[in-house]
Amino acid sequence: MAVLGIESSCDETAAAVYDGTRLLSSVIASQTDHIDFGGIVPELASRAHERVIWRTVAKALSDSGLGREDIEAIAVTEGPGLMGSLLVGLCFAKGLAIQWNKPVIGVNHIDAHIYATYIDEKPQLPFVSLVVSGGHTQIFHVTRPLQHKLMGQTRDDAAGEAFDKIGKLLGLAYPAGPQIDRLAREGDPSFYDFPRAMMKKGLDFSFSGLKTSVLYYLRDVPEQERPAFINEHLRDLCASISAAITDVLIHKLRQAVRKTGVKSVIIAGGVSANSMLREKARQMALELGASLHIPHPKYCTDNAAMIAVTGWFKVREGMFDDLQLRPYARFQWDRAIR
Amino acid sequence: MDADILTKPVLSIETATPVCSVALRLADGSIQELRAEGKGVHSEQTFVFIERLLAREKLAVADLGGVIVSAGPGSYTGLRVASSAVKGLLFQTHVPLYACQTLGAIALGVWQEAGLPGSFPGCDTVIDARRNHLYHQSWRFREDGVEPESDVTVRELEEVMERWESGRIVAGTGMERLKKTEAGVAGKVEKPRELPVSKVVGAAHILSALGRSSGEPAQKLIKKVAPEHFEPYYYTGL
């Protein structure tokens, strides 16, 4: 029994096939249309999905070596994400479900990030998972597959969003996160002590204040000297900003692990590729005697392998949807697994 | 057009306007339609309607002689629903896809309702283009269908209102916007020239017009397209 997964929540069109024991294929078509705009343009993203979804799914099926008769269900991202982008994947999946006479399964994108770890390994349950990307920053307590509880989340910007917005202030091209990470490796994290928000306020996060703090910090430099100042101290600034963001993430994650007493920790989502976050997480896990699991970088960003895996768990539990399945832009508790 | 489209069952989908409509024409020429109207119904109901119509006749997608999709201009969301739906529906099948420009599809509906020889020379069809605008196109009636008198344009409400006041038939989902203009509210235009949306907008009208109008005008309006590469007519290029 295999599940075809389809993902189109933002700017990656992806399809994958998973059979419960191994990933048979995973195809990602990334969009380059947005670079000149400094961020994702929703209408451009939707149209790009429409152009490539057919060939993406065709390649995933062909790579898997399976045919329609081997596919038990079609899992598709239902949200959260960009509405137009979500619609493309969802409507394609529902059309295909009618043609193939197979059930469709809506998968919450955040749930899928949590279960991306299962693509390559079987983490010990229960575990705590930090999902951190350009759109999300949330901590979950997972007691068994498809049963998890939200412990904390960002109240404003996601951590990845903070990296990108601050990168723009520094004159870095979108997406700035990976560039900040690369530059930070050669910089001094103690160059400037940017604020760590909400350190004593439960497990929720806030990153919008950091962006403002960087803005004010740069504004204090005389305008004519600013470009040269940024150029001269770019590595140190990137390191200091990365330190501020990762300190908060690790502090909250440590609190969550202590509170639940779990022995496994998972970090998922695009920001989990950040080297400073990985190193601090490794140290935290050592200190707490917990095992740390981070999916392969190719499964940390948006992909359909995690949708297929989560869909497979839902097939096992008989959790199917009907053709009225509709997309949602914002995280919805009633559509997430608990 | 392939011969199959006239001899085998054909499915038609209209989602470019607030009308969400799916129709099935059987080989005997009979047409069944399921429709709903409103914002946000398209991403749910289109699929329910397709499945229900096919199941009712015990048909599979592979049994179809073609699928006709209303291709725009119109609501971006609605167009996206249909475009993605037909890609999934026809994925790796040999069932052909046909695209019918939406203002033309509405004109076909008007032609069937009001296009009796000599009654009216033609019509204007309109779809809401948001703000103060309508997608607009003028059509000439022929014995065997409709042909365009103008290109698709985006016009201000007042411009189209002038055409309505001059005695032209103006029809389509953009009528609701016209009725809310000052002249529309004042009831300046006679009701007989107003054709209700239910009479002229919908997937069934495309199919019934196809049955009656299989000559040159239909060939020009309903074009065969490759489902993998099909892109709706968004009008605004990106």
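Worth saying up front: this structure is predicted, and the values here are computed from it rather than measured. (Residues numbered from 1 in each chain as written. Chains lettered and ligands numbered in written order. Predicted model: local features only at pLDDT ≥ 70, side-chain atom pairs only at ≥ 80, totals over all residues. Heavy atoms only, no water.)

1. Looking at the packing of aromatic side chains
Inspection of every chain in the model, using the stated rule, returns 16 aromatic pairs over all chains. Look at A:Trp312 and A:Phe313: their rings are 5.7 Å apart centre to centre, the planes differ by 65°, and that puts the pair in the edge-to-face class. The exposure class assigned to A:Phe313 is buried, which follows from its relative accessible area of 6%. Considering the side-chain rings of B:Tyr76 and B:Tyr234, the 5.2 Å spacing of their centres and the 75° angle between planes classify their relative orientation as edge-to-face. (Phe/Tyr/Trp six-rings, centres within 6.5 Å; stacked < 30°, edge-to-face > 60°. Buried < 20%, exposed > 50% of the residue type's maximum accessible area, 1.4 Å probe, protein only.)

2. Some points on the sheet that holds strand β11 (residues 222-225) of chain B
All names here are of chain B. The 6 strands are arranged β3-β2-β1-β4-β5-β11 in an open sheet whose pairing can be described as mixed. Strands with a single pairing partner mark the edges of an open sheet, and in this sheet they are β3 (31-37) and β11. Averaged over neighbouring strand pairs, the angle between their axes works out to 20° when direction is ignored. For strand β4 (residues 66-70) and strand β5 (residues 97-100), the ladder comprises 4 bridges, and the chain directions are parallel. Bridging across to β5, Val-69 finds its partner in Ala-99. Lying over the sheet, helix α2 (residues 42-56) contacts β1 (10-14), β2 (19-25) and β3, oriented at roughly 15° with respect to β2. (Pairing = 2+ DSSP bridges. Helix = DSSP H or I, 4+ residues; strand = E, 2+ residues; numbered from the N terminus. Axes fitted to C-alpha atoms, helices over the stretch in contact; angles between N-to-C directions. Contact = heavy atoms within 4.5 Å.)

3. Some details on the layout of surface pockets
The space that makes up the second largest pocket amounts to roughly 1,200 Å³. When residues of the lining of the second largest pocket are traced back to their parent elements, those giving at least two are α1 (42-64) and α2 (83-100) of chain A together with α2, α3 (76-89), β6 (122-128) and α6 (175-179) of chain B. (1 Å grid on protein atoms, 1.4 Å probe; cavity = no way out; pocket = protein on both sides within 12 Å on 5 of 7 lines; lining within 4 Å. Points joined across faces, edges and corners; volume = space filled by probe spheres on them.)

4. Some remarks on the confidence of the model for chain B
Across chain B, pLDDT averages 87, with 90% of residues at or above 70. For this predicted complex, the interface confidence reaches an ipTM of 0.92, while the overall pTM sits at 0.89. (pLDDT = per-residue confidence, 0-100.)

5. Overview of the interface of chain B and chain A
Where the parts come together, the accessible area they lose is often given as the size of the interface. Each side of the interface is counted separately: chain B has 32 residues, and chain A has 28 residues. Buried area between chain B and chain A, summed over both chains or domains, comes out near 2,700 Å², and the portion from carbon and sulfur atoms is 64%. There are 4 salt bridges connecting chain B and chain A. Linking chain B with chain A are 9 residue pairs in polar contact (both at pLDDT 80 or more). Breaking the side of chain B that touches chain A down by element, the ones donating at least two residues are α2 and α3 of chain B. Residue contributions to the side of chain B that touches chain A peak at 10 residues, all from α3(B). Of the residues that constitute the side of chain B that touches chain A, the class distribution is 15 nonpolar, 11 polar and 6 charged. (Buried area = accessible area lost by both parts, 1.4 Å probe. Salt bridge = Lys/Arg side-chain N within 4 Å of Asp/Glu carboxyl O. Polar contact = N/O pair within 3.5 Å; in protein donor to acceptor, adjacent residues only side chain to side chain. Nonpolar A, V, L, I, M, F, W, Y, C, P; charged D, E, K, R; others polar.)

6. Section: the domain arrangement of chain A
All names here are of chain A. Split into domains, chain A comes out as domain 1 (2-115 + 298-316) and domain 2 (123-294). The distance between the C-alpha centroids of domain 1 and domain 2 comes to 27 Å. Each partner contributes residues to the interface: domain 1 has 15 residues there, and domain 2 has 21 residues. Carbon and sulfur atoms make up 72% of the area that domain 1 and domain 2 hide from each other, which totals about 1,400 Å². The interface formed by domain 1 and domain 2 includes 0 salt bridges. At the surface where domain 1 touches domain 2, the tally comes to 4 residue pairs in polar contact (both at pLDDT 80 or more). (Domains from an automatic or database assignment.)

7. Notes on the nonpolar core
Counting residues in each nonpolar core, the largest one holds 52 residues, and the members touching the most others are A:Leu170, A:Ile245 and A:Leu249. Counting residues per element, the ones that place at least two in this core are β6 (127-132), α4 (159-169), α5 (177-184), α6 (208-219), α7 (226-260), β9 (264-268) and α8 (275-288) of chain A. Leave out the neighbours within four places in its chain, and A:Leu249 touches A:Leu130, A:Val132, A:Thr137, A:Ala159, A:Phe205, A:Phe207 and A:Leu277. Membership of the second largest hydrophobic core comes to 37 residues, among which are B:Val19, B:Tyr98, B:Leu207 and B:Ala209. (Core = buried A, V, L, I, M, F, W, Y, C linked by side-chain atoms within 4.5 Å.)

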